[in-house]
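Geometric and topological summary
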Amino acid sequence: MSRLTAWVHGHVQGVGFRWWTRSRALELGLVGYAANQADGRVLVVAEGTETNVHRLLDLLRSDTTPGTVDLVVEEFGAPVGDLTGFAER
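Scope of this entry: the structure provided in the associated data block.

1. Regarding the overall build of the chain
In terms of regular secondary structure, the chain is built from two helices and five strands. When the helices and strands of the chain are placed in sequence order, the string is β-α-β-β-α-β-β. Against the compact-globule benchmark of 12 Å for 89 residues, the chain has a radius of gyration of 12 Å, which places it among compact chains. Oriented by its inertia axes, the alpha-carbon framework of the chain measures out at about 30 × 20 × 20 Å. Going through the 89 residues of the chain one by one, you find that 39% of them count as buried. In the chain, the proportion of contacts linking residues at least 24 apart, taken out of those at least 6 apart, comes to 76%. Counting only carbon and sulfur atoms, one obtains 48% of the accessible surface of the chain, whose full area is about 4,700 Å². Side-chain charges in the chain split into 8 positive and 11 negative, and the spacing between the mean points of these groups amounts to 5 Å.

So this is what it looks like as structure tokens:
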């Protein structure tokens with residue numbers, strides 16, 4: 001099990017990016033959230049199998065996202081276990 005914290009930069013607010021991320025995460029069986037940040041980024045926190053959090057990261061960097069992703073800065077760690085479902089914040 002692993003925890004992904006990803007800061008997504010680009011034109012990712014107001015374009016359905018959080019909804020899209022939630023849908024992909026749920027398909028992968030992940031828990032967590034996608035949250036708009038005041039500076040225009042979206043923070044994505046997801047926990048699940050190491051394989052599936054890496055798959056989500058690959059999807060965040062793909063050309064299939066809504067809007068335009070310029071950069072994704074990621075950090076992996078041990079799961080905290082404080083998340084249920086996958087929320088848009």
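Alright, that's what it looks like, and here's the rest.
2. Thoughts on helix 2 (residues 50–60)
Taken together, the buried positions of helix 2 are Asn52, Val53, Leu56, Leu57 and Leu60. Looking straight down helix 2, one finds that the buried residues subtend no more than 150° of arc, so they occupy a single side. Within helix 2, the exposed residues directed more than 90 degrees away from the buried face are Glu50 and Asp58. Contact partners of the buried residues in helix 2: strand 1 (2–11), helix 1 (17–27), strand 3 (42–48) and strand 4 (68–77).

3. Examining the nonpolar core
Of all hydrophobic cores here, the largest spans 19 residues; its most connected members are Val8, Leu30, Val42, Val44, Leu56 and Leu60. Elements supplying a minimum of two residues to this core: strand 1, helix 1, strand 3 and helix 2. In terms of residue count, helix 2 provides more of this core than any other element does, four residues in total. Tyr33, Ala35, Val45 and Leu83 belong to the second largest nonpolar core, which has five residues in total.

4. Details of the environment of Leu60
Relative to the helices and strands, Leu60 resides in helix 2. By relative accessible area, which is 0% here, Leu60 ends up buried. For Leu60 and His11, which are 49 residues apart along the polypeptide, the C-alpha to C-alpha distance reads 13 Å. Other than its neighbours up to four places away in sequence, Leu60 contacts Ala6, Val8, Phe17, Trp20, Thr21, Val44, Thr65, Val69 and Val72.

Rules used throughout
Residues numbered from 1 in each chain as written. Predicted model: local features only at pLDDT ≥ 70, side-chain atom pairs only at ≥ 80, totals over all residues. Heavy atoms only, no water. Helix = DSSP H or I, 4+ residues; strand = E, 2+ residues; numbered from the N terminus. Rg over C-alpha atoms; globule rule 2.2 N^0.38 Å. Buried < 20%, exposed > 50% of the residue type's maximum accessible area, 1.4 Å probe, protein only. Contact = heavy atoms within 4.5 Å. Areas by Shrake-Rupley, 256 points an atom, 1.4 Å probe, with all protein chains shown as cover. Lys, Arg positive; Asp, Glu negative; His and termini not counted. Charge placed at Lys NZ, Arg CZ, Asp CG, Glu CD. Arc of directions from axis to C-beta. Core = buried A, V, L, I, M, F, W, Y, C linked by side-chain atoms within 4.5 Å.

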